[in-house]
Amino acid sequence: MDDAFGAMVRDYHRDAYDGSGRYRSHTGETRDGHPEWYFSESFPAETEAALDRVRETEGLVVDAGCGAGSHALTLQRSGADVLATDVSEGALRVADERGVDRIARADLQSLPAVADCVFLAGTQFGLGGTVEAFQETLDALAATTEPGGRVVGDLKDPFAVADNHVAGREELREFDTRAGIAHRRMRTEYRDLVGPWLDLLCLTPEAAREAVVPTAWSVTEVIEGDGARYFLVLDR
């Protein structure tokens, strides 16, 4: 499939964006791609708190799914040893051009270095769209982090997505309200490029705690924000 996301953020970075970036849901509905979101130098309170939990760790930090590199740059400027990874070659090129020192192309299942902390933003913690896929990701991260390592990643509460009409509401599907579990399906489109369909798990904080139990990780903290998104701080 095309690297539509990478092309969108690359063109925005080079002042060549034509405004056609969009996210399409499984229903056919679309919403604006907002590439400017990936270039912010300030973040919501819950993201700032999550970055502080990353800074508490020592050693190598992997910013997995780094996108345009904004979080990696922030951590790098505060003195952290950061390796930024993504599956999008276009996004990695932008991160490199913006000054991220170390980049590598990799997905969550095959990080290229053993980390002391892995940071995941953009709700990609839920890639795969099921609790089982979430647990498989946690198992893979346990295999690529040091003993005593940490993972800090975000998810969305499906009730808040549905009730607050936030970005992603039109993408919700298979919402089990009793279990607090749903998933979203979306893809990025830009110009004539079409990215792959992504299934993203949505969990309430309570459901997330339950999903973590069978893995090597423990939930140290849940950092909630004003909207649907929250961060899990996991230690082992």
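The paragraphs below set out a description of the structure included in this document. Note that the structure is predicted; figures quoted are calculated from it, not measured.

A few words now on helix α1 (residues 4-13). The buried fraction of α1 amounts to seven of the ten residues, a majority that puts the element mostly inside the structure. Inspection of α1 places Ala4, Phe5, Gly6, Ala7, Met8, Val9 and Asp11 among the buried residues, and these make up the whole buried set. For α1, the secondary structure elements touched by its buried residues are β1 (22-25), α4 (89-98), β9 (181-190) and β10 (193-194). Note on α1: the residue one or two positions beyond its end, Asp15, has a positive phi of about 60°.

Here we take up the environment of Gly99. In this structure, Gly99 sits in the loop between α4 and β5 (103-105). Owing to a relative accessible area of 31%, Gly99 belongs among the partly exposed residues under this scheme. Residues Gly99 and Gly69, spaced 30 residues apart in sequence, show a C-alpha to C-alpha distance of 8.5 Å. Gly99 has contacts with Leu73 and Gln76, leaving out every residue within four places of it along the chain.

Among the eight residues of helix α3 (residues 70-77), seven are classified as buried, and the element is accordingly described as predominantly covered. When α3 is considered as a whole, its buried residues turn out to be Ser70, His71, Ala72, Leu73, Thr74, Leu75 and Gln76. Where α3 is buried, its residues touch α2 (45-55), β3 (60-64), β4 (81-86), α4 and β6 (115-120). At the C-terminal side of α3, Gly79 shows a positive phi close to 100°.

With that settled, the discussion passes to the pattern of salt bridges. Taken as a whole and judged by the stated rule, the model has 16 salt bridges. In this structure, the salt-bridge partner of Arg229 is Glu46, at a minimum N-O distance of 3.5 Å. Remark: Glu46 occurs in helix α2 and Arg229 occurs in strand β13 (residues 229-235); sequence separation between them is 183 residues. Residue class for Glu46 comes out buried when judged on its relative accessible area of 12%. Its salt-bridge partner being Glu89, residue Arg105 comes within 3.7 Å of it at the nearest N-O pair. With Arg105 in strand β5 and Glu89 in helix α4, the pair connects residues that are 16 residues apart, well separated along the chain. Residue classification places Arg105 among the exposed positions, given a relative accessible area of 54%. Here the residues in one salt-bridge network are Arg10, Asp11, Asp18 and Arg191, joined through shared partners.

Okay, the side chain of Arg53 next. Relative to the helices and strands, Arg53 resides in helix α2. Among residues more than four places away in sequence, those in contact with Arg53 are Arg150, Val152, Glu221, Ile223 and Val233.

For the rest of this paragraph, the subject is the packing of α2 against α3. Running from amino to carboxyl end, α2 crosses α3 at an angle of 50°, the nearest separation of the two axes being 11 Å. Classified by the angle between their axes, α2 and α3 sit oblique to one another. Remark: the crossing between α2 and α3 carries right-handed chirality. Contacts between α2 and α3 involve Thr47, Leu51, Val54 and Arg55 from the first element and His71, Thr74 and Leu75 from the second. Here the residues of the contact of α2 with α3 sort into three nonpolar, three polar and one charged.

Under the counting rule described, the total for this entry stands at seven aromatic pairs. For the pair Phe125 and Phe134, a centre-to-centre distance of 5.1 Å together with 75° between the ring planes defines the contact as edge-to-face. Residue Phe125 shares its accessibility class with Phe134, and that shared class is buried.

Time to look at the sheet that holds strand β7 (residues 145-156). If you trace the seven strands from one edge of the open sheet to the other, you get β5-β4-β3-β6-β7-β13-β12, paired in mixed fashion. Two strands close off the open sheet at either side, each with one partner strand: β5 and β12 (218-224). Strand after strand, the sheet turns through a mean of 20° between neighbouring axes, direction not considered. α4 contacts β4 and β5 of the sheet and is inclined by roughly 175° relative to β5. Set on the sheet, helix α7 (residues 205-212) makes contact with β7, β12 and β13; between it and β12 the angle comes to about 160°.

Thresholds applied
- Residues numbered from 1 in each chain as written.
- Predicted model: local features only at pLDDT ≥ 70, side-chain atom pairs only at ≥ 80, totals over all residues.
- Heavy atoms only, no water.
- Buried < 20%, exposed > 50% of the residue type's maximum accessible area, 1.4 Å probe, protein only.
- Helix = DSSP H or I, 4+ residues; strand = E, 2+ residues; numbered from the N terminus.
- Contact = heavy atoms within 4.5 Å.
- Salt bridge = Lys/Arg side-chain N within 4 Å of Asp/Glu carboxyl O.
- Axes fitted to C-alpha atoms, helices over the stretch in contact; angles between N-to-C directions.
- Parallel < 35°, antiparallel > 145°, perpendicular 65-115°, else oblique.
- Left-handed = near helix turned anticlockwise from the far one by under 90°.
- Nonpolar A, V, L, I, M, F, W, Y, C, P; charged D, E, K, R; others polar.
- Phe/Tyr/Trp six-rings, centres within 6.5 Å; stacked < 30°, edge-to-face > 60°.
- Pairing = 2+ DSSP bridges.

Geometric descriptors of this kind do not, in isolation, establish any biological role.
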